[in-house]
Amino acid sequence: MNSAAAQPLQFSFELFPPRTPEGAAKLPAIVAQLATLQPKYFSVTYGAGGSDQDGTYDTVVRVVEDTGIDAAPHLTCVGSSRAKISALLDRYEAAGVKRIVALRGDLPATALGASAPGDFHYASELVQFIRETHGEHFHLEVAAYPETHPQAANPDADFVNFRRKVEAGANAAITQYFFVAEAYFDFVERCTRAGIAIPVIPGIMPITNHGQLTRFSAACGADIPRWIRLRLEQLQNDKPSLQAFGLDVITRLCESLLKAGAPGLHFYTLNQAETTLRLWQNLGLPAPHY
Ligand code: FAD
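Please read all numbers here as calculations on a predicted model, not as lab measurements. (Residues numbered from 1 in each chain as written. Predicted model: local features only at pLDDT ≥ 70, side-chain atom pairs only at ≥ 80, totals over all residues. Heavy atoms only, no water.)

Visitor: Looking at this structure, I do not really get the overall build of the chain. What am I missing?
Guide: Helix and strand counts for the chain stand at 10 helices and 9 strands. For 290 residues, the compact-globule estimate of 2.2 N^0.38 gives 19 Å, and the C-alpha radius of gyration of the chain, at 18 Å, lies within 12% of that figure. Projected onto its principal axes, the C-alpha positions of the chain cover 50 × 45 × 40 Å. Buried residues in the chain amount to 50% of all 290 residues. (Helix = DSSP H or I, 4+ residues; strand = E, 2+ residues; numbered from the N terminus. Rg over C-alpha atoms; globule rule 2.2 N^0.38 Å. Buried < 20%, exposed > 50% of the residue type's maximum accessible area, 1.4 Å probe, protein only.)

Visitor: For this particular structure, what's the right way to read the nonpolar core?
Guide: The nonpolar side chains of a soluble globular protein tend to be buried, and buried together. If you look at the biggest cluster of nonpolar residues, it comprises 87 residues, and the most contacted ones within it are F42, F162, I204, I207, I250, L257 and L265. Take this core: its biggest share by element is 9 residues, from helix α9 (residues 239-259). (Core = buried A, V, L, I, M, F, W, Y, C linked by side-chain atoms within 4.5 Å.)

Visitor: Explanation requested: the sheet that holds strand β8 (residues 203-204) in the structure shown.
Guide: Hydrogen bonding along the main chain pairs the strands of a sheet, whether they run parallel or antiparallel. Spatial ordering of the open sheet is given by β7-β6-β5-β4-β3-β2-β1-β9-β8, a layout of 9 strands whose pairing is parallel. Each end of this open sheet is capped by a strand with a single partner; those strands are β7 (200-201) and β8. Strand contacts of helix α3 (residues 82-94): β3 (70-76) and β4 (99-103), with the helix running at about 175° to β3, the strand carrying the most contacts. (Pairing = 2+ DSSP bridges. Contact = heavy atoms within 4.5 Å. Axes fitted to C-alpha atoms, helices over the stretch in contact; angles between N-to-C directions.)

Visitor: What's the story with the pairing of β4 in this structure? I'm lost.
Guide: Looking along a regular strand, one sees side chains alternate from face to face of the sheet. By the criterion of burial, β4 is predominantly enclosed, with 5 of the 5 residues buried. With burial as the criterion, each face of β4 is covered, one bearing R99, V101 and L103 and the other bearing I100 and A102. One crossover worth recording links β3 to the parallel β4 by way of α3, and it is right-handed. Pairing geometry for β4 and strand β5 (residues 139-144), over 4 bridges, is parallel. When the sheet's bridge partners are listed, R99 is paired in β5 with H139. (Right-handed = clockwise from strand over helix to strand, strands pointing away.)

Visitor: What exactly am I supposed to notice about the site of the ligand here?
Guide: Neighbouring the ligand are 23 residues; Y46, D106, Y145, D158 and K165 lie closest to it. In the model, a nitrogen atom of the ligand is placed 2.5 Å from a nitrogen or oxygen of the Y46 main chain. R164 places a polar side-chain atom, nitrogen or oxygen, 3.2 Å from a nitrogen atom of the ligand. Against a free-state accessible area of 970 Å², the protein chains account for coverage of 84% of the ligand. For the shell around the ligand, the secondary structure elements donating two or more residues are β3 and α5 (155-168). Tallying contributions element by element places α5 first for the shell around the ligand, with 4 residues. In terms of residue class, the shell around the ligand is made up of 10 nonpolar, 8 polar and 5 charged. (Near = heavy atom within 4 Å. Polar contact = N/O pair within 3.5 Å; in protein donor to acceptor, adjacent residues only side chain to side chain. Areas by Shrake-Rupley, 256 points an atom, 1.4 Å probe, with all protein chains shown as cover. Nonpolar A, V, L, I, M, F, W, Y, C, P; charged D, E, K, R; others polar.)

Visitor: Hey, could you run me through the environment of T59 in this one?
Guide: Tracing the sequence through the fold places T59 in helix α2 (residues 53-67). For the pair T59 and A273, spaced 214 residues apart in sequence, the C-alpha separation works out to 16 Å. Here T59 is in contact with P17, P18, L27 and V44, once residues within four sequence places are set aside.

Visitor: Looking at this model, I keep getting lost on the pattern of salt bridges. Mind explaining?
Guide: Pairs can form between side chains of opposite charge once their charged atoms are near each other. As enumerated under the stated definition, the model contains 10 salt bridges in all. Linking R163 and E167 is a salt bridge whose minimum nitrogen-to-oxygen distance equals 3.9 Å. Taken together, the residues R163 and E167, both in helix α5 and 4 residues apart, mark about one turn of the helix. Looking at E167, the relative accessible area reads 63%, which means it is exposed. Salt-bridge contacts for E274 lead to R278; the nearest nitrogen and oxygen are separated by 3.7 Å. Of this pair, E274 and R278 both sit in helix α10 (residues 274-283), separated by 4 residues, roughly a single helical turn. Assessed through its relative accessible area of 51%, E274 is described here as exposed. (Salt bridge = Lys/Arg side-chain N within 4 Å of Asp/Glu carboxyl O.)

Visitor: Whenever I open this one, the pairing of strand β9 (residues 264-268) confuses me. Can you help?
Guide: Within β9, 5 of the 5 residues are buried, which leaves it mostly tucked inside the rest of the structure. Judged by which residues are buried, β9 turns out to be covered on both faces: G264, H266 and Y268 on one side and L265 and F267 on the other are all buried. The sheet contact formed by strand β1 (residues 10-15) and β9 spans 5 bridges and is parallel. The partner of Q10 across the bridge, within β9, is G264. Pairing geometry for β8 and β9, over 2 bridges, is parallel. Along β9, the bridge assignment pairs G203 with H266.

Here you go:
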């Protein structure tokens, strides 16, 4: 299905920089558990406007030091300047970082769009800037939206904008999470028709918490199908049953994606190891290297 499907499957695990001393204390053990699965890389999120720049940098460096596995910082550009982004790219290059997840990021709705403050308005401009200033040093992942980005004028306009990022030099894409596999298949089909050959890796969100998932999904425009929403509402006060249901749903989603030729999976781990480890086991993915 994906033109890159003949390549070995690529798995990656997304982390966020710990926000509390307790979170920071727990993260190395979580990363060590996830590292046993030998992902291609970890990625570490970044606050729009550079709010947790040091947290992202420190987490990336620590993950590489502790595991020897590549780590990719997310880099958002909205509200930032060419000089700041350039300095950060230099810092990453000097630290040996070789991949970046290049994003626009979110500012308050009133501050977005062509009139947004800062030198960059869209992720395509960031990709172009990285290529202009750092050539091919970084492997660049960008975001893709099978269910259409919530601020896009319409699905076609959003796809044109996705193509801009590819033409600017993106090497691969990670999707926003979704629960309906057909949305991903349709997106990949549109890529094929448009001659876009970069791997489009599905982003996989675990279902472990009703309130959190509802909030995230409302913000990012991910559709929670009615049958899932109703089951989650019913199970919201029964954590074990909700998590068992969520694990079943996401296992089936991953199975159908991989069976149809998805080139890999990107897990939003939410800084938890257990759900990803159980998914991995359910999917019968390659045995961990100890
Ligand atoms: P873009 O590709 O720039 O698109 C944003 C919107 O602008 C879309 O509606 C698009 O259609 C439109 N658009 C693009 N170009 C143009 C143009 N030239 N003219 C008109 N409209 C245009 N956010 C964070 O803050 N930190 C993170 O670490 C982070 N990690 C993420 C990881 C993944 C895998 C994903 C899928 C999202 C992540 N996000 C993160 C969220 C992301 O920042 C938001 O979804 C943001 O709203 C869009 O970012 P983008 O890079 O997709 O933007």
